[in-house]
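Each chain, written out:
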Amino acid sequence: MRKTYYALIAILLLLLLTACTGLPGKITILGTPSTTTTSSQVQEMGGEQQLAQQLLQNINQDRAANHLPALAWEPRLQGSGRQHNLVMAAGCGLQHECPNEPDLGKRISQQGVHWLAVGENIGEANPILSSTDASRMLMAIHKGMMDEKPPDDGHRQNLLSKNFHRIGIAVSIDTSHTLWVTEDFAN
C-alpha cells in the first residue's frame, strides 16, 4: 500500500513539474517572482504552526545547500499569509490577488512590515484527512517548487532569492479538506 501511495505521489510531482498549474483537486502551486472570508471556512489545524516550522526548516536547509543565509521567521508575514489563505479558501481559489483584496505589497504593509522587495508562493493540496497527509502534501508542494527549472522556476527563485531575508508561512486546512499554503517573503 505504501509503495502505491509513494508511486502516486511521484507521478503527481512529475505531472506537477510539467505544468505549474498542477492537477485540479490534487496539488496546485502558483508563485510570483519578486515584486516591489470568513474564518469559519478555514479551520487552523492544531499543528499549523508545526507544519509551518517544518517547512521553514526545509527551506533553510535548501538555502544552506545553495550557500545562502537562512530566512528569519517574521510573524507579521505569517499574518498576511493567513489572511490570504482565508480569502482563497472563501471562494477565490488559488490566486495571488483576489477581487476586492489589496495587492501583495499592500497586504504585507497592512501587517506593519516595512520592505523594499516582496514575493509570494502559494499552493493547495487535497484531500487532507490527517496531520500526516498535511505534512506529506506540504513537503510535496515544497519539493515541486524546488525542482522547478528555468524559465518556469518562480517558486524556486523566491525560495533561493538573495534579496529576501524574512519569511512568514501560513498553513490552513478548510472544511473541504483542502490545505492552503502561503509563503510571503520580504527583505
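Above this text is the structure in question.
Below: a short report on this structure. Remember, it's a predicted structure, so these values are computed and weren't measured experimentally.

1. Details of helix 3 (residues 75-92)
In this model, helix 3 (18 residues) spans 24 Å end to end at C-alpha, consistent with the 26 Å of a helix rising 1.5 Å per residue. L77, Q78, G79, S80, G81, H84, N85, L86, V87, M88 and A89 are the residues of helix 3 that are buried. Count one or two residues on from helix 3 and you reach G93, which has phi positive near 80 degrees.

2. Some details on the state of the cysteines
Across all of its chains, the model carries one disulfide by this definition. With its sulfur 1.9 Å from that of its partner, C92 forms a disulfide with C98. Given an S-S torsion of about -90 degrees, the disulfide between C92 and C98 has left-handed geometry. Judged by its relative accessible area of 3%, C98 is buried.

3. Here's the deal with the environment of R156
Mapped onto the secondary structure, R156 falls in helix 6 (residues 154-159). Residue class for R156 comes out partly exposed when judged on its relative accessible area of 25%. For the pair formed by R156 and G144, sequence separation is 12 residues and the distance between their alpha carbons is 9.1 Å. With residues near it in sequence (within four places) discarded, R156 still touches N66, M145, M146 and E148.

4. Things to note about the pattern of salt bridges
Tallied over the entire structure, the rule returns six salt bridges. Across the pair E74 and R166 runs a salt bridge, and its minimum N-O distance is 3.7 Å. Of this pair, E74 sits in the loop between strand 3 (72-73) and helix 3 while R166 sits in strand 5 (residues 166-174), placing them 92 residues apart in sequence. Of the two residues, E74 and R166, neither departs from the other in class, the shared state being buried. Taking the shortest distance from any N to any O, the salt bridge between E101 and R107 comes out at 3.7 Å. A relative accessible area of 6% places R107 in the buried class. Through salt bridges with shared partners, one network takes in E74, R76 and R166.

5. A few points about the nonpolar core
Ranked by internal contacts, the top residues of the largest apolar core, which has 27 residues, are L138, I169, V171, L179 and V181. Mapped onto this core, the elements with two or more residues apiece are helix 2 (48-65), helix 5 (131-146), strand 5 and strand 6 (179-186). Ranked by residue count, the leading element in this core is helix 5, at seven residues. Once residues lying within four places of it in the same chain are set aside, the contact partners of L138 are L51, L55, V171, L179 and V181. Listed in part, the seven residues of the second largest apolar core include V87, L94, C98 and I122.

6. Some points on the packing of helix 2 against helix 5
Where helix 2 contacts helix 5, the axes come no closer than 10 Å and their chain directions differ by 30 degrees. By the criterion of interaxial angle, the relationship of helix 2 to helix 5 is roughly parallel. As helix 2 runs across helix 5, the sense of the crossing is right-handed. Residues L51, Q54, L55, N58, I59 and D62 of helix 2 form the contact with helix 5, whose own contacting residues are A134, S135, L138, M139, H142 and M146. Grouping the constituent residues of the contact of helix 2 with helix 5 by class yields seven nonpolar, four polar and one charged.

7. Here's the deal with unusual backbone geometry
Negative phi values dominate among residues other than glycine, just as trans dominates among peptide bonds. Residue P127 is reached from N126 by a cis peptide bond, and omega for that bond is 0 degrees. Among the structural elements, P127 can be located in the loop between strand 4 (118-125) and helix 5. Following P150, the chain continues to P151 via a peptide bond in cis, the omega torsion being 5 degrees. Topologically, P151 is positioned in the loop between helix 5 and helix 6. Not every positive phi belongs to a glycine, and N100 is a case in point at roughly 65 degrees. Counting through the fold element by element, N100 comes out in the loop between helix 3 and helix 4 (104-110). The class for N100 is exposed, based on a relative accessible area of 86%.

Cut-offs applied
Residues numbered from 1 in each chain as written. Predicted model: local features only at pLDDT ≥ 70, side-chain atom pairs only at ≥ 80, totals over all residues. Heavy atoms only, no water. Helix = DSSP H or I, 4+ residues; strand = E, 2+ residues; numbered from the N terminus. Expected span 1.5 Å × (residues − 1). Buried < 20%, exposed > 50% of the residue type's maximum accessible area, 1.4 Å probe, protein only. Disulfide = S-S within 2.5 Å. Contact = heavy atoms within 4.5 Å. Salt bridge = Lys/Arg side-chain N within 4 Å of Asp/Glu carboxyl O. Core = buried A, V, L, I, M, F, W, Y, C linked by side-chain atoms within 4.5 Å. Axes fitted to C-alpha atoms, helices over the stretch in contact; angles between N-to-C directions. Parallel < 35°, antiparallel > 145°, perpendicular 65-115°, else oblique. Left-handed = near helix turned anticlockwise from the far one by under 90°. Nonpolar A, V, L, I, M, F, W, Y, C, P; charged D, E, K, R; others polar.

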